[in-house]
Amino acid sequence: LEARKFFVGGNWKCNGSVQQVNDLISMLNQSTLSTDTEVVVCPSQLFVQGVKNGLRSDISVGAQDVWTGGNGAYTGETSADMLADMGVKWAIVGHSERRMRGESDVEVASKAKYALGRGIKVIACCGEPLEAREAGTTNEYVFPQIKAYADAFTKADWANVVIAYEPIWAIGTGLTATPEQAQDTHAAIRKYLGEIAGSDVAESTRILYGGSASGKTAPGLSAKPDIDGFLVGGASLKPEFADIVNCNG
Ligand code: PEP
């Protein structure tokens, strides 16, 4: 089995003006990034094509969400068919900021499955709220999210999926999980994935940590054996993003 290549995704969320996005493209084009890290940035859907056109070719561009099906009368949605046609390689699905507005585990998994069928790779998010963390029921909360993905994916699909474990209490709060907290949950997810999707899938699937990851916290987190990279929100809009990409070297 190949080693899991370190992966850092930038989730720009609903941020950026035309000027700011152009500045971000310049910043990324000028930064020195480790070739040992796979890098993907996910701008607002509105900026995806412009970023793709302006950005260096060793950074991939992804969407922040994708529709469950193809083109049609689905106002406001973005189809995987459009992304594929545009040469976009990745899409985030199941971000907690979308789940909290009503997306179910099954809907999220079906978005992922449709995208995979169109050749779009998937950053499949999961993660627990503070109440579950405090009640000691993190695994009970996260495993059904993973199970929904596994029910939708074939073994071959998993080669085009990375999991992003993002504890909701750590997202945008400045409250990063400790390396030990993250490692424990990553290891539990990997073990569970082995049980439901096979040990080869568990060994080869990258599990990213997300939640206030920063240039400061990334080295300690990435030193843990089951943390294979990051999904970065706030810090992906800053020069610090390069430090996270390079934190392993
Ligand atoms: C995210 O939303 O994916 C995220 C990890 O955000 P932040 O880094 O800002 O906590």
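As shown above, the structure is provided for reference.
Figured I'd write up the structure that's included with this text. Just so you know, these numbers come straight off a predicted model, no measurement behind them.

Some thoughts on the overall build of the chain
Line of reasoning, step 1. Scanning the chain for helices and strands turns up 11 helices and 8 strands.
Line of reasoning, step 2. Taking 249 residues into account, the globule formula puts the C-alpha radius of gyration at 18 Å, and the chain, at 17 Å, falls close to it.
Line of reasoning, step 3. Over its C-alpha atoms, taken along the principal directions, the chain stretches across nearly 45 × 45 × 35 Å.
Line of reasoning, step 4. A buried classification covers 45% of the 249 residues belonging to the chain.
Line of reasoning, step 5. Partitioning the intrachain contacts of the chain with sequence separation of at least 6 by distance along the chain shows that 74% fall at a separation of at least 24.

Points about the nonpolar core
Line of reasoning, step 1. Membership of the largest hydrophobic core comes to 75 residues, with the highest contact counts inside it found for Ala91, Ile120, Leu208 and Ile244.
Line of reasoning, step 2. Sort the elements by how many residues they give to this core and helix α5 (residues 105-117) lands first, with 6 residues.
Line of reasoning, step 3. Dropping the residues within four chain positions of it, Leu208 is found in contact with Phe7, Gly9, Val162, Ile163, Ala164, Tyr165, Asp228, Gly229, Phe230 and Leu231.

A few points about helix α1 (residues 18-30)
Line of reasoning, step 1. For α1, built from 13 residues, the straight-helix expectation of 18 Å at 1.5 Å per residue is met to within 8% by its first-to-last C-alpha distance of 19 Å.
Line of reasoning, step 2. Every buried residue belonging to α1 is among Val21, Leu24, Ile25 and Leu28, and all of these are buried. Down the axis of α1, the buried side of the element spans an arc of 100°, and every buried residue falls inside it. Seen from the open side of α1, the exposed residues pointing more than 90 degrees away from its buried face are Gln19, Ser26 and Gln30.
Line of reasoning, step 3. On its buried side, α1 packs onto α2 (48-54) and β3 (59-63).

So, the packing of helix α7 (residues 138-152) against helix α8 (residues 179-197)
Line of reasoning, step 1. The interhelical angle for the contact between α7 and α8, taken along N-to-C directions, is 40°, at an axis separation of 10 Å. By the criterion of interaxial angle, the relationship of α7 to α8 is oblique. For α7 against α8, the interelement crossing comes out right-handed. Residues Thr138, Asn139, Val142, Phe143, Ile146, Lys147 and Ala150 of α7 lie in contact with α8, whose contacting residues are Thr185, Ala188, Ile189, Tyr192, Leu193, Ile196 and Ala197.
Line of reasoning, step 2. A breakdown of the residues in the contact of α7 with α8 according to their chemical character gives 10 nonpolar, 3 polar and 1 charged.

Let's talk about the sheet that holds β3
Line of reasoning, step 1. With parallel pairing, 8 strands are arranged side by side around a closed barrel as β1-β2-β3-β4-β5-β6-β7-β8. Neighbour-to-neighbour, the strand axes of this sheet turn through a mean angle of 25°, independent of strand direction.
Line of reasoning, step 2. As paired strands, strand β2 (residues 37-42) and β3 are joined by 3 bridges and run parallel to one another. In the sheet register, Val40 faces β3, and the bridge partner there is Ser60.

Some points on α5
Line of reasoning, step 1. With 13 residues, α5 extends 18 Å between its outermost C-alpha atoms, agreeing within 8% with the 18 Å of an ideal straight helix rising 1.5 Å per residue.
Line of reasoning, step 2. Burial in α5 covers these residues: Val108, Ala109, Lys111, Ala112, Tyr114, Ala115 and Leu116.
Line of reasoning, step 3. On its buried face, α5 sits against α3 (80-85), β4 (90-93), α4 (96-99), β5 (121-126) and α7.
Line of reasoning, step 4. Phi turns positive, to about 85°, at Gly119, one or two residues after α5.

With respect to the site of the ligand
Line of reasoning, step 1. Around the ligand sit 13 residues, and of these Ile171, Gly210, Ser212, Gly233 and Gly234 come closest.
Line of reasoning, step 2. Along the lines of polarity and charge, the residues of the shell around the ligand split into 5 nonpolar, 7 polar and 1 charged.

Procedures and definitions
- Residue positions are counted from 1 within each chain, in the order its sequence is given.
- Under the rules for a predicted model, residues below a pLDDT of 70 receive no local features and side-chain atom pairs below 80 are neither given nor counted, while totals for whole chains, interfaces and linings still include all residues.
- To qualify as a helix, a DSSP run of H or I must reach at least 4 residues; to qualify as a strand, a run of E must reach at least 2; elements of each kind are numbered from the N terminus.
- Restricting the calculation to C-alpha atoms gives the radius of gyration, and the globule rule supplies 2.2 Å times the number of residues raised to the power 0.38.
- The exposure label follows from counting other C-beta atoms within 10 Å of a residue's C-beta, where the C-beta atoms are placed from the backbone and the thresholds are 20 or more for buried and 12 or fewer for exposed, leaving partly exposed in between.
- In this description, a residue-residue contact is defined by the distance between C-beta atoms placed from the backbone, which must lie within 7 Å.
- The nonpolar core is taken to be a set of buried Ala, Val, Leu, Ile, Met, Phe, Trp, Tyr and Cys residues joined by way of C-beta atoms within 7 Å.
- Any helix carries an expected span of 1.5 Å times its number of residues minus one.
- Summarising the geometry, the arc corresponds to the directions from the helix axis toward the C-beta atoms.
- The angle between two axes is taken between their N-to-C directions and runs from 0 to 180 degrees, where each axis is a line fitted to C-alpha atoms and a helix contributes only its stretch in contact.
- Orientation categories follow fixed angle ranges, with anything under 35 degrees roughly parallel, anything over 145 roughly antiparallel, 65 to 115 roughly perpendicular, and all other angles oblique.
- Each crossing gets its hand from how the near helix is turned against the far one by less than a right angle, where anticlockwise is left-handed and clockwise is right-handed.
- Residues are grouped as follows: nonpolar covers Ala, Val, Leu, Ile, Met, Phe, Trp, Tyr, Cys and Pro; charged covers Asp, Glu, Lys and Arg; every other residue, Gly included, is treated as polar.
- Pairing between strands requires that DSSP locate at least two bridges from one strand to the other.
- In this analysis, residues qualify as near a molecule or strand once their C-beta atom, positioned from backbone atoms, comes within 6 Å of it.

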